[in-house]
Amino acid sequence: MNELGKNDAAPVAAGTGAVVGGALGGVAGGAAAGAAMGGMTGPVGAVVGAVVGAVAGAVMGKGAASADPGAEDAHWRDNYSSRPYVNGGTYDDYGPAYQYGVNARTKYPDRSFDEVESDLGRDWSNSRGKSSLQWEHAKHASRDAWQRVSDTAERAMPGDSDRDGK
């Protein structure tokens, strides 16, 4: 990714299916690796190794999945005007902030929004496109999109990946 929001790499699977697939792939790979390592110490070691490997693999697989930008854009386009922080403006103003939040959550899966907010604020001017919003207003939409992606991932694979207590 050359800057937040611009990806030069090959496409990545997206959406809830990608979250589940990434998590399940992580579980399977982690279980196989754990069982192989545990197999060196006998059947009990293989079982314990498989369980530990599955848990570690699930965590890694969960972090590897990303959101579906098209689905997120459609959601926010339909719902942005009802959000409490929207004070006039059009979707053209808020859309880039939502996209920025989605991309940031995918880029920083193991960190909270609060941990990266200052970095995001500093880089907003490079990613805002034609949005008229300054970061002080855009950050609310970015946080909203970040939280939606995080909640979707947690529904697919229960846990508290964003450490928000939910």
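One numbering rule holds for all chains: residues counted from 1, following each sequence as written. Residue-level local features of this predicted model are given only where pLDDT is at least 70; pairs of side-chain atoms are given and counted only at 80 or more, and the full residue set underlies all totals for whole chains, interfaces and linings. The basis for every side-chain value is the complete set of non-hydrogen atoms in the structure, without hydrogens or water.

Draft legend 1. The arrangement of the nonpolar core in detail. Counting residues in each nonpolar core, the largest one holds 24 residues, and the members touching the most others are Tyr85, Tyr94, Tyr98, Leu120 and Trp135. Going along the chain from the N terminus, every DSSP run of H or I of four or more residues is numbered as a helix, and every run of E of two or more is numbered as a strand. No other element matches the seven residues that helix H4 (residues 91–107) contributes to this core. We call two residues in contact whenever any of their non-hydrogen atoms come within 4.5 Å of each other. With near-sequence residues (within four places) excluded, Trp135 lies in contact with Tyr100, Phe113, Glu117, Leu120, Gly121, Trp124 and Ser142. Joining through side-chain atoms within 4.5 Å is the link that ties buried Ala, Val, Leu, Ile, Met, Phe, Trp, Tyr and Cys residues into a set, and such a set is a nonpolar core. The buried label goes to any residue with under 20% of its type's maximum accessible area, the exposed label to any with over 50%, and the partly exposed label to all in between, with areas taken from a 1.4 Å probe on protein chains only.

Draft legend 2. Spotlight on helix H5 (residues 113–127). The end-to-end C-alpha separation of H5 is 17 Å, well short of the 21 Å expected for 15 residues at 1.5 Å each. To obtain the bend at a residue, axes are fitted to the seven residues ending there and to the seven starting there, and the angle between these axes is taken. Its maximal kink placed at Gly121, H5 deviates by approximately 40°. Here the buried face of H5 lies against H4 and helix H6 (135–156). The positive-phi residue at the C-terminal boundary of H5 is Gly129, with phi of around 60°. Working rule for helices: expected span equals 1.5 Å times residues minus one.

Draft legend 3. Structural view of the confidence of the model for the protein. One number per residue, pLDDT, summarises how confident the predictor is, and it ranges from 0 to 100. When the pLDDT values of the protein are averaged, the result is 73; 55% of them are 70 or greater. In the model, residues 5–14 has pLDDT below 50 throughout and makes twelve contacts with residues more than four positions away in sequence or in other chains. Scored below 50 in pLDDT, residues 46–64 makes 37 contacts in the model with residues more than four places away or belonging to other chains.

Draft legend 4. Inspection of the packing of aromatic side chains at higher detail. The aromatic pairing rule takes the rings of Phe, Tyr and Trp, using the six-membered ring of Trp, and pairs them if the centres are within 6.5 Å, calling planes under 30 degrees apart stacked, those over 60 edge-to-face and the rest tilted. A complete count under the given rule lists nine aromatic pairs for this structure. Chaining the aromatic ring pairs together yields one cluster made of Trp76, Tyr80, Tyr85, Tyr91, Tyr94 and Tyr98.

Draft legend 5. Representation of the pattern of salt bridges in the model. The salt bridge definition used is simple: a Lys or Arg side-chain nitrogen within 4 Å of an Asp or Glu carboxyl oxygen. Here the structure, examined in full by the defined rule, presents nine salt bridges. A salt bridge links Asp114 to Arg143; the nearest nitrogen and oxygen atoms lie 2.9 Å apart. You can see Asp114 sitting in helix H5 and its partner Arg143 sitting in helix H6, a full 29 residues away along the chain. Its salt-bridge partner being Arg122, residue Asp123 comes within 3.5 Å of it at the nearest N-O pair. By sharing partners, the salt bridges in this structure join Asp114, Glu117, Glu136, Lys139 and Arg143 into a single network.

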